[in-house]
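Reading the structure
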Amino acid sequence: MKIAVCVKHVPDAAATKRIDPATKRLDRSGEGALNAFDANAVEEALKLRDASGEGEVVVVSMGPEKAMDSLRKALAMGADRALLVSDEGAAGSDLVATSRVLAAALEREQPELVLFGQQASDADGAVLWAAVADRLRRPLVSQVAELTVEDGKARGKRQTEFGYDVIDAPLPAVIAVSDAINVPRYPSLKGIMGAKKKQADMLSLADLSVEAGESASKTTVRGLSDPPARGESQKIEDDGSAAQKIVDFLAQRRLV
């Protein structure tokens, strides 16, 4: 079974997120890393492959050339191959354009199973997997905390406020996993060295015959502004009269 894992190179979690006022996009000039939720997806793909004793795990991404660093981490974890779509024309792509590119790359690979992390730490959109599944016309299960694949179907278990959902989806399918599904392994020294020899391909938009970037996006950021300043506040220490002080505070403003 071929498993494709869509991953994202995101700004380092320790760095302060900054919006570039000129482009109105997230500033990605600093250090980056493999999105944490995507590491869970890679780990789950490796577990499925190893349990079956055969198959291939391909990590797929769209981003600048330095995004290959995150794909190489996935290779060091144990993935077999990497595919990065990198093109200056893709800069500024929104959800619609990004899903079009990833879907085209996945159509090229034809995996039986596509895994996503539940969300990315830079945008926290948690919806790209749905857009890709829709373009591929494949069944989708999201927020999966337990995953099994057998007899031509994927079974995902996810927690809800009322208990658990157990959902079966026929293969080929798209699965978005939560961070509760596993604990990602750390790449070993052997894995890191071996990753340098593994196949890592880079494609352009022309290679996939798709359009992306701002011109192919459906959303536009029209303006940016700082959040409004906090209004007047008052701290009440509880010395036994806190309740009365709160009532007096609300009464002064004719709220009670």
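Now for a look at the structure at hand. Worth saying up front: this structure is predicted, and the values here are computed from it rather than measured. (Residues numbered from 1 in each chain as written. Predicted model: local features only at pLDDT ≥ 70, side-chain atom pairs only at ≥ 80, totals over all residues. Heavy atoms only, no water.)

So, about the side chain of S217. Following the sequence through the fold, S217 ends up in the loop between α6 (205-208) and α7 (242-252). Here the side chain of S217 touches D94 through a polar contact of 3.0 Å, landing on its backbone nitrogen. Leaving out residues up to four positions away in the same chain, S217 has contacts with G92, S93, D94 and A97. (Helix = DSSP H or I, 4+ residues; strand = E, 2+ residues; numbered from the N terminus. Polar contact = N/O pair within 3.5 Å; in protein donor to acceptor, adjacent residues only side chain to side chain. Contact = heavy atoms within 4.5 Å.)

It is worth spelling out the sheet that holds strand β11 (residues 153-160) at this point. Within the open sheet, the 3 strands sit side by side as β10-β11-β12. Their pairing is antiparallel. Either end of the sheet is taken by a strand with one partner, and the two such strands are β10 (146-150) and β12 (163-170). Geometrically, the sheet is characterised by an average inter-axis angle of 20 degrees between neighbouring strands, direction not taken into account. Both β10 and β11 contribute to a ladder of 5 bridges, which runs antiparallel. Bridge pairing in β11 places L147 opposite G156. (Pairing = 2+ DSSP bridges. Axes fitted to C-alpha atoms, helices over the stretch in contact; angles between N-to-C directions.)

What follows is about helix α2 (residues 68-77). With respect to burial, α2 is a largely interior element, 7 of its 10 residues being buried. When α2 is considered as a whole, its buried residues turn out to be M68, S70, L71, A74, L75, A76 and M77. (Buried < 20%, exposed > 50% of the residue type's maximum accessible area, 1.4 Å probe, protein only.)

Right, let's talk about the pattern of salt bridges for a bit. Throughout the structure, instances matching the rule amount to 15 salt bridges. A salt bridge links E44 to K47; the nearest nitrogen and oxygen atoms lie 3.9 Å apart. Of this pair, E44 and K47 both sit in helix α1 (residues 36-52), 3 residues apart, which is roughly one turn of that helix. A relative accessible area of 39% places K47 in the partly exposed class. Sharing partners across several salt bridges, the network here consists of K2, E56, R81 and E109. (Salt bridge = Lys/Arg side-chain N within 4 Å of Asp/Glu carboxyl O.)

A separate point is the nonpolar core. Ranked by size, the top nonpolar core spans 34 residues in total, and within it V5, V42, V59, L115, L147 and I175 carry the most contacts. Elements supplying a minimum of two residues to this core: β1 (2-6), α1, β6 (56-62), α2, β7 (81-85), β8 (113-117), β9 (140-144) and β13 (173-177). If near-sequence neighbours (up to four positions away) are discounted, I175 is found in contact with L113, V114, L115, F116, V141, V144, L147 and A154. The next biggest cluster of nonpolar side chains, apart from the first, holds 29 residues, and it includes A103, L203, L205 and A212. (Core = buried A, V, L, I, M, F, W, Y, C linked by side-chain atoms within 4.5 Å.)

Before going further, it helps to examine the packing of helix α3 (residues 95-109) against helix α4 (residues 128-136). At a closest axis distance of 9 Å, the pairing of α3 and α4 adopts a crossing angle of 55 degrees. The orientation of α3 relative to α4 falls into the category oblique. Considering how the two elements wind past one another, α3 and α4 form a crossing that is right-handed. For the pair α3 and α4, the contacting residues are L95, V96, T98, S99, R100, L102, A103, L106 and E107 in the first and L128, A131, V132, R135 and L136 in the second. (Parallel < 35°, antiparallel > 145°, perpendicular 65-115°, else oblique. Left-handed = near helix turned anticlockwise from the far one by under 90°.)

What follows concerns the environment of S61. By the element assignment, S61 lies in strand β6. For S61, a relative accessible area of 0% translates into the label buried. It is 21 Å that separates the C-alpha atoms of S61 and V144, two residues lying 83 residues apart in sequence. Separated by 2.9 Å, the side chain of S61 and the backbone oxygen of V7 make a polar contact.

Turning next to the packing of aromatic side chains. How two aromatic rings sit relative to each other is set out by the distance from centre to centre and by the angle between their planes. Under the defined criterion, the tally for this structure stands at 0 aromatic pairs. The side chain of K157 reaches across the aromatic face of Y164, ending 4.5 Å from its centre. When the ring centre of F249 is taken as origin, the NZ or CZ atom of R253, which lies over that ring, is 3.8 Å away. (Phe/Tyr/Trp six-rings, centres within 6.5 Å; stacked < 30°, edge-to-face > 60°. Lys NZ or Arg CZ within 6 Å of the ring centre and 35° of its normal.)

When you line up the elements, S142 lands in strand β9. Judged by relative accessible area, S142 falls into the buried class, the value being 12%. Leaving out residues up to four positions away in the same chain, S142 has contacts with Q118, W129, R158 and A176.

A separate point is α1. Compared with the 24 Å implied by 1.5 Å per residue over 17 residues, the 25 Å span of α1 between its first and last C-alpha is a close match. In terms of burial, α1 is largely enclosed, as 12 of its 17 residues are buried. Along α1, the residues that are buried comprise F37, D38, A39, N40, A41, V42, E43, E44, A45, L46, L48 and R49. Remark: G53 follows α1 within two positions and exhibits a positive phi of approximately 80 degrees. (Expected span 1.5 Å × (residues − 1).)

So, about unusual backbone geometry. Of note, the bond from L171 into P172 is cis; its omega dihedral lies within 30 degrees of zero at 0 degrees. Mapped onto the elements of the fold, P172 is located in the loop between β12 and β13. A positive phi is found at Q110, a non-glycine position, where the angle reads about 55 degrees. Along the chain, Q110 turns up in the loop between α3 and β8.

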